[in-house]
Amino acid sequence: NAGVMQNPRHLVRRRGQEARLRCSPMKGHSHVYWYRQLPEEGLKFMVYLQKENIIDESGMPKERFSAEFPKEGPSILRIQQVVRGDSAAYFCASSGQVAGTSSGNTIYFGEGSWLTVV
Amino acid sequence: GENVGLHLPTLSVQEGDNSIINCAYSNSASDYFIWYKQESGKGPQFIIDIRSNMDKRQGQRVTVLLNKTVKHLSLQIAATQPGDSAVYFCAENSGGSNYKLTFGKGTLLTVNP
């Protein structure tokens, strides 16, 4: 089974540009989470989404950041007018009932999208 | 504030030895803990989890121990291999939400051949 798929893996943006990060959850998963990891730090929760709904965005910066998980297609994390401090690894994760497993609530992470703002 | 932290930022072991990575947590409301392994340039890989109604759980070559009295979590890796070299993070669910994990800063495990 394919895992959590993220793209692009690496993204370079100039200050002021927009960054769009995409995430396709693991097959059968309907819960998506975004985390951010700054250099040499642990991951920090940003947002939790289900299809067409934002469940918890308590970790999202108040401005410039938004996330969506449409009925069709991947989840998108959008960062407008990027600044150098946005440079980080952004990880998407998913969970949900997966047929044939007993760990339906386990959160599985993708390989991440590394954003560099120059 | 509530946090998850690690006693040792780095750990170096010889191939074949057992490794023990420690983690302290301070949120007494946390009832679900996970260990992740992260290799350079990759995402966190689930290793093993444990709920607060247990004090020990075993997987393949790994064992997680939970001591709620002192709020301590450890990951034991048996017969450590070079492929085990990575950063290991413990994570806890903050305030009972299993999706909102609080991660520690990580321990770098280096396995010497």
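Think of each chain on its own: its residues are numbered from 1, step by step along the sequence as written. Key to labels: chains lettered from A, ligands numbered from 1, both in the order written. Local features in a predicted model are, by the rule used here, given only for residues with pLDDT of at least 70; side-chain atom pairs are given and counted only at 80 or more, and totals for whole chains, interfaces and linings are based on all residues. Side-chain metrics rest on all non-hydrogen atoms present in the structure, leaving aside hydrogens and water.

### As for the nonpolar core
To be explicit about the condition: We define a nonpolar core as any set of buried Ala, Val, Leu, Ile, Met, Phe, Trp, Tyr and Cys residues linked to one another through side-chain atoms lying within 4.5 Å. Throughout, exposure labels follow a simple rule: accessible area from a 1.4 Å probe, protein chains only, divided by the maximum for the residue type, with under 20% read as buried, over 50% as exposed, and the rest as partly exposed. Numbering of helices and strands starts at the N terminus; helices are DSSP runs of H or I of at least 4 residues and strands are runs of E of at least 2. By the convention used here, residues are in contact when the closest approach between their heavy atoms is within 4.5 Å.
In terms of nonpolar packing, the biggest core is built from 23 residues, with A:W34, A:M46, A:L77 and A:Y90 touching the most fellow members. Among the secondary structure elements, those contributing two or more residues to this core are β3 (19-24), β4 (31-37), β5 (43-50), β7 (65-68), β8 (75-79), β9 (88-95) and β11 (113-117) of chain A. In this structure A:L77 touches A:A19, A:R20, A:L21, A:W34, A:M46, A:M60, A:S66, A:A67 and A:Y90, once residues within four positions along its chain are discounted. If you look at the next biggest cluster of nonpolar residues, it comprises 20 residues, including B:V13, B:I77, B:A86 and B:C90.

### Describing the interface of chain A and chain B
As a reminder of what qualifies: Computed with a 1.4 Å rolling probe, the buried area is the accessible surface lost when two parts are put together, summed over both parts. We define a salt bridge as a side-chain nitrogen of Lys or Arg found within 4 Å of a carboxyl oxygen belonging to Asp or Glu. Under the rule applied, a polar contact is a pair of N or O atoms within 3.5 Å (in protein, one hydrogen donor and one hydrogen acceptor; residues adjacent in sequence only if both atoms are side-chain atoms). Three categories are distinguished: nonpolar for Ala, Val, Leu, Ile, Met, Phe, Trp, Tyr, Cys and Pro, charged for Asp, Glu, Lys and Arg, and polar for the others, with Gly belonging to the last.
Residue-level contacts link 19 residues of chain A with 17 residues of chain B. Overall, the association of chain A and chain B removes approximately 1,500 Å² of surface from exposure, summing both partners, and the carbon and sulfur fraction of that is 58%. Looking only at chain A, the three residues that lose the most surface to chain B are A:L43, A:I107 and A:F109, adding up to 28% of its buried area. The closest approach of N and O atoms between A:D56 and B:K100, which form a salt bridge, is 3.1 Å. The tally of links between chain A and chain B comes to seven residue pairs in polar contact (both at pLDDT 80 or more). Elements represented by at least two residues in the side of chain A that touches chain B include exactly β4, β5 and β10 (108-109) of chain A. Taken together, the residues that form the side of chain A that touches chain B break down as ten nonpolar, five polar and four charged.

### Focus: the state of the cysteines
Selection rule: Put simply, a disulfide is two cysteine sulfurs that come within 2.5 Å.
Overall, the coordinates contain two disulfides over all chains when judged by the stated rule. The residue that forms a disulfide with A:C23 is A:C92, at a sulfur-sulfur distance of 1.8 Å. Across the S-S bond linking A:C23 and A:C92, the dihedral sits near -60°, which makes this disulfide left-handed. Taken together, the residues span a long stretch of sequence, with A:C23 in strand β3 and A:C92 in strand β9 at a distance of 69 residues. Residue classification places A:C23 among the buried residues on the basis of a relative accessible area of 0%. Here B:C23 is linked by a disulfide to B:C90, with a sulfur-sulfur distance of 1.8 Å. Because the torsion about its S-S bond is 50°, the bridge between B:C23 and B:C90 counts as right-handed. Pair noted here: B:C23 is in strand β3 (residues 19-25) and B:C90 is in strand β9 (residues 86-93), with a separation of 67 residues, a long-range link. The class for B:C23 is buried, based on a relative accessible area of 1%. When its relative accessible area of 0% is taken as the criterion, B:C90 is described as buried.

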